[in-house]
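# Chains, contacts and geometry: an overview
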Amino acid sequence: MPDLTFILQALASGIGIGCVYGLIGIGFCVIYNASGIVNFAQGAFVMLGGMMTYAFSVLGGFSLLTAAVLAIALVSALGVLIERIVVRPLWHRNSAPFVMILATLAVQIVLERATLLSAGDQPKSLPNFIDLPPLMMGGVAINYQLLFIAVASILLVAALAAFFTRTRVGRAMRACAINREAAALQGIPVARMLGYAFALSAGLGAIAGVLITPTQFTAFDVGVPFAISGFIAAIIGGFGNPAGAFVGGIILGLAQSMAIVVFGSGFKNIAALSILLAFISVRPMGLFGKAE
């Protein structure tokens, strides 16, 4: 049995990666609430956030902060472009939701292959945003990047809550999430809200990619694993519930970390899929969702 210090170290890492999963899960919820579809291109946004930041910072010579802002802005714009070119035509033709889901999966594959051709297959990494020795708490060494991830994620979730409750666009998006037909009858441009949702979701994915790349790495093929983790986080919290998705991400991160400590790294994905199966079987509406 691992000692207590090692367990606490793993739990700290689990919270950090869980915050990233939570942000990805929120991206899934935002688009699902606006359109009723699951956007499986969300993982590509995470990958592109890290890859573009690397390109702007290392190859372009920009500061890390400037590179991150540029990457997030470009990925958000890409989200709008995907919505306009791929999703909106299907939306206007009243295509079945699964057709739009397959379309987003095709976008994920295209973006992944395009990144492979343009950036190669070698992993890329970024320096820590806070270049300081680890914070020692007892015998536990906590990387400042993990603290940065946790604090930035919590602030971002708080900002999103304020956006959805205090801004006109945010309230309109919430109205679309509750009932798109009724929102349209009230004069809310539902199609435009879908574009905003894709921009917000892509931006959240890019932020997640920027935050996690310094602690791990990014490559053309990291999108799918992150998308699966974010999807599971959204399921745990209750699909369509952004705050629940964030909590679900932390739960998933902690579960994976403990699986690695107790059973080894090979059980990381087994733990995630086991949690998914458990929630689908026992509580498919998630922790904070409501039965319909």
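Here's a quick rundown of the structure. In this text the structure is predicted, and so the values were computed from the model without any measurement.

### Observations concerning the pattern of salt bridges
Oppositely charged side chains can pair when the atoms bearing their charge come close. All told, the structure shown has three salt bridges when counted by the stated rule. Note that Glu-83 and Arg-84 form a salt bridge whose closest N and O atoms lie 3.6 Å from each other. The partner of Glu-83 in a salt bridge is Arg-88, and the shortest N-O contact between them spans 2.9 Å. Taken as a pair, Glu-83 and Arg-88 share a single burial class, namely buried. Overlapping salt bridges, with partners in common, bring together Glu-83, Arg-84 and Arg-88 in one network.

### Here we look at the packing of helix α1 (residues 4-35) against helix α9 (residues 223-237)
Relative to each other, α1 and α9 sit at 75 degrees, their axes nearing to 7 Å. Between α1 and α9, the crossing angle belongs to the class labelled roughly perpendicular. Contact residues: Ile-17, Tyr-21, Ile-24, Gly-25, Phe-28 and Cys-29 in α1; Phe-226, Ala-227, Ser-229, Gly-230, Phe-231, Ala-233 and Ala-234 in α9. Broken down by class, the residue content of the contact of α1 with α9 amounts to ten nonpolar, three polar and no charged.

### Comments concerning unusual backbone geometry
One non-glycine residue with positive phi stands out, namely Asn-94, at about 55 degrees. For Asn-94, the position within the fold is in the loop between α3 (64-92) and α4 (97-119).

### Some words on the nonpolar core
Counting 69 residues, the largest nonpolar core has Ile-26 and Phe-226 as the members making the most contacts within it. For this core, the element with the most residues is α1, which contributes twelve residues. Those residues in contact with Ile-26 that lie beyond four places of it in its chain are Val-157, Leu-160, Leu-204, Pro-242, Ala-245 and Phe-246.

### Structural notes on the side chain of Thr-115
Its location among the elements puts Thr-115 in helix α4. Once residues within four sequence positions are removed from consideration, Thr-115 is found in contact with Met-47, Leu-48, Met-51, Gly-120 and Phe-220.

### Brief notes about the layout of surface pockets
For the second largest pocket, the calculated volume is near 450 Å³. Lining of the second largest pocket is provided by 17 residues; of these, Asn-33, Phe-164, Arg-174, Gly-240 and Pro-242 occupy positions nearest its centre. Looking at the lining of the second largest pocket, the elements with two or more residues in it are α1, α5 (144-166), α6 (168-178) and α10 (242-263). Here the lining of the second largest pocket gets five residues from one element, more than from any other, and that element is α5.

### Notes on helix α8 (residues 190-212)
Taking 1.5 Å per residue, 23 residues should reach 33 Å; α8 reaches 33 Å between its end C-alpha atoms and fits that length. Among the 23 residues in α8, 18 count as buried, and that is most of the element.

### Side note on the environment of Ala-67
With respect to the helices and strands, Ala-67 occurs in helix α3. Residues Ala-67 and Leu-126, 59 residues apart in the sequence, show an inter-C-alpha distance of 11 Å. Not counting chain neighbours up to four residues away, the residues in contact with Ala-67 comprise Thr-53, Phe-56, Ser-57 and Phe-62.

### Observations concerning the packing of α6 against α8
At a minimum axis distance of 10 Å, the contact between α6 and α8 shows a crossing angle of 105 degrees. Here α8 runs roughly perpendicular to α6, going by the angle between their axes. From α6, Val-169, Ala-172, Met-173 and Cys-176 reach across to α8, where they touch Val-190, Met-193, Tyr-196, Ala-197 and Leu-200. Here the residues of the contact of α6 with α8 are counted per class, giving nine nonpolar, no polar and no charged.

### A closer look at a nonpolar patch on the surface
The grouping of Phe-98, Leu-102, Leu-105 and Ile-109 at the surface amounts to a nonpolar patch, some 400 Å² of accessible area in total. With respect to the secondary-structure elements, Leu-105 resides in helix α4. Look at Leu-105 and you get partly exposed, because its relative accessible area is 37%.

Calculation rules
Residues numbered from 1 in each chain as written. Predicted model: local features only at pLDDT ≥ 70, side-chain atom pairs only at ≥ 80, totals over all residues. Heavy atoms only, no water. Salt bridge = Lys/Arg side-chain N within 4 Å of Asp/Glu carboxyl O. Buried < 20%, exposed > 50% of the residue type's maximum accessible area, 1.4 Å probe, protein only. Axes fitted to C-alpha atoms, helices over the stretch in contact; angles between N-to-C directions. Helix = DSSP H or I, 4+ residues; strand = E, 2+ residues; numbered from the N terminus. Parallel < 35°, antiparallel > 145°, perpendicular 65-115°, else oblique. Contact = heavy atoms within 4.5 Å. Nonpolar A, V, L, I, M, F, W, Y, C, P; charged D, E, K, R; others polar. Core = buried A, V, L, I, M, F, W, Y, C linked by side-chain atoms within 4.5 Å. 1 Å grid on protein atoms, 1.4 Å probe; cavity = no way out; pocket = protein on both sides within 12 Å on 5 of 7 lines; lining within 4 Å. Points joined across faces, edges and corners; volume = space filled by probe spheres on them. Expected span 1.5 Å × (residues − 1). Patch = residues over 30% accessible without salt bridge, like charges linked within 9 Å, V, L, I, M, F, W, Y side chains within 5 Å. Areas by Shrake-Rupley, 256 points an atom, 1.4 Å probe, with all protein chains shown as cover.

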